[in-house]
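# Understanding the architecture of this molecule
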Amino acid sequence: MAAPKRSRKTALKKTALPKSERRQQILSVARDVFARRGYHQTTIDDIALQAGVARGTFYLYFEDKRAIFSDLIDRFASQLTMAIVRITVDDPQRPVVEQVRENIRAIIATCLTERSMTKVLFTGAVGIDPAFDRKLFTFYDMVVQLLAESLKDGQALGIVDEGEPRVLAYLTIGALKELLYQAVTLGFSEESAEVLTQQMFSFLSGGYLRTSTSGVRPERARRARP
């Protein structure tokens with residue numbers, strides 16, 4: 001005797017989850033669907049079907065497609081921001097060269113762990129609508145500003161060559177973005193983070209970065225901003 005066909009309603013039925021877990025489940029599914037199909041080609045039905053929930057259930061947690069995409073971008077931006085630690089020169093246990101490597105390693109590791117969001121951020125996040133674009137540009141500008149300030153501090157400490165800090169920040173972010181995009185597109189494993197870190201560090205050291213602690217003069221360190 002043939003087994004009865006399952007209706008769409010039955011197929012969508014899932015074990016009841018707490019509200020916070022269901023929301024996280026839908027977010028995780030949306031992240032992967034956006035990375036695979038792109039923002040504009042993804043529909044709410046795509047996300048709901050992959051998450052195994054009804055369309056109406058989706059609307060219990062998110063107002064629309066833009067809202068869930070915005071939430072994903074905010075979370076990923078927060079992860080990247082938290083991965084970066086400001087460099088100091090007065091800690092003998094943490095040489096400047098190692099702090100620089102740690103920051104590069106943290107950014108690359110975060111992006112390789114969250115490869116779906118890395119791909120989404122670099123390929124499908126612009127052109128949604130003017131308000132969202134402004135939000136995204138504001139995030140990028142914040143990252144540029146933070147890096148530019150760090151580079152200016154580095155110049156005062158003697159560990160960064162002369163040059164316009166904001167221009168150096170643009171060059172650094174551009175190189176890092178392309179490296180990360182290619183890494184996730186080509187399917188580099190998380191284990192490759194160390195090799196990529198060393199390559200990026202060597203690239204910066206061959207440019208404006210001066211990481212020798214002997215090059216940090218005390219009188220310049222005192223003039224650096226806190």
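A brief look at the structure comes next. What you see is a predicted model, and the numbers here were worked out from it, not measured in a lab.

Before going further, it helps to spend a moment on the packing of aromatic side chains. Applying the stated criterion across every chain yields a total of 6 aromatic pairs. With a centroid separation of 5.7 Å and 20 degrees between ring planes, the pair formed by phenylalanine 34 and tyrosine 39 is classed as stacked. Exposure class is identical for phenylalanine 34 and tyrosine 39. Each is buried. With 4.9 Å between their ring centres and 85 degrees between their planes, phenylalanine 34 and phenylalanine 69 make a pair best called edge-to-face. Pair noted here: phenylalanine 34 is in helix H2 (residues 19–37) and phenylalanine 69 is in helix H5 (residues 65–83), with a separation of 35 residues, a long-range link. Residues phenylalanine 34 and phenylalanine 69 agree in their burial class; the two are buried. Taken together, the ring pairs in this structure connect Phe34, Tyr39 and Phe69 into an aromatic cluster.

With 59 residues, the main nonpolar core has Ile26, Phe34, Ile68, Phe69, Ile73, Ile108 and Leu121 as its most contacted residues. Sequence-distant contacts of isoleucine 68, that is, excluding residues within four places in its chain, are made with Ile26, Leu27, Ala30, Phe34, Ile47, Phe58 and Phe62.

Turning next to the pattern of salt bridges. When charged atoms on two side chains of opposite charge get close, those side chains can pair. Applying the stated criterion across every chain yields a total of 11 salt bridges. Between aspartate 32 and arginine 31 there is a salt bridge whose closest N-O contact spans 3.2 Å. Taking relative accessible area as the criterion, arginine 31 reaches 21% and is therefore assigned partly exposed. Residue arginine 55 pairs with aspartate 45 through a salt bridge whose shortest N-O separation is 2.9 Å.

The description of two helices packed together rests on the angle between their axes and the distance between the axes. Where helix H6 (residues 96–113) meets helix H9 (residues 165–185), the axes come as close as 10 Å, and the angle between the chain directions of the two elements is 35 degrees. Seen along the crossing, H6 lies across H9 with a hand that is right-handed. Residues Ile107, Ile108, Cys111 and Leu112 of H6 form the contact with H9, whose own contacting residues are Leu176, Leu179, Leu180, Ala183 and Val184. Residues of the contact of H6 with H9, tallied by class, amount to 9 nonpolar, no polar and no charged.

It is worth spelling out the packing of H6 against helix H10 (residues 193–205) at this point. Two numbers describe how H6 lies on H10: the axes approach to 9 Å, and their chain directions differ by 130 degrees. In terms of their interaxial angle, H6 and H10 are classed as oblique. Note on packing geometry: the crossing formed by H6 with H10 is right-handed. Along the contact surface, H6 presents Val97, Val100, Arg101, Ile104, Arg105, Ile108 and Leu112, while H10 presents Ala193, Glu194, Leu196, Thr197, Gln198, Met200, Phe201 and Leu204. Here the residues of the contact of H6 with H10 are counted per class, giving 10 nonpolar, 2 polar and 3 charged.

How each quantity is defined
Residues numbered from 1 in each chain as written. Predicted model: local features only at pLDDT ≥ 70, side-chain atom pairs only at ≥ 80, totals over all residues. Heavy atoms only, no water. Phe/Tyr/Trp six-rings, centres within 6.5 Å; stacked < 30°, edge-to-face > 60°. Buried < 20%, exposed > 50% of the residue type's maximum accessible area, 1.4 Å probe, protein only. Helix = DSSP H or I, 4+ residues; strand = E, 2+ residues; numbered from the N terminus. Core = buried A, V, L, I, M, F, W, Y, C linked by side-chain atoms within 4.5 Å. Contact = heavy atoms within 4.5 Å. Salt bridge = Lys/Arg side-chain N within 4 Å of Asp/Glu carboxyl O. Axes fitted to C-alpha atoms, helices over the stretch in contact; angles between N-to-C directions. Left-handed = near helix turned anticlockwise from the far one by under 90°. Nonpolar A, V, L, I, M, F, W, Y, C, P; charged D, E, K, R; others polar. Parallel < 35°, antiparallel > 145°, perpendicular 65-115°, else oblique.

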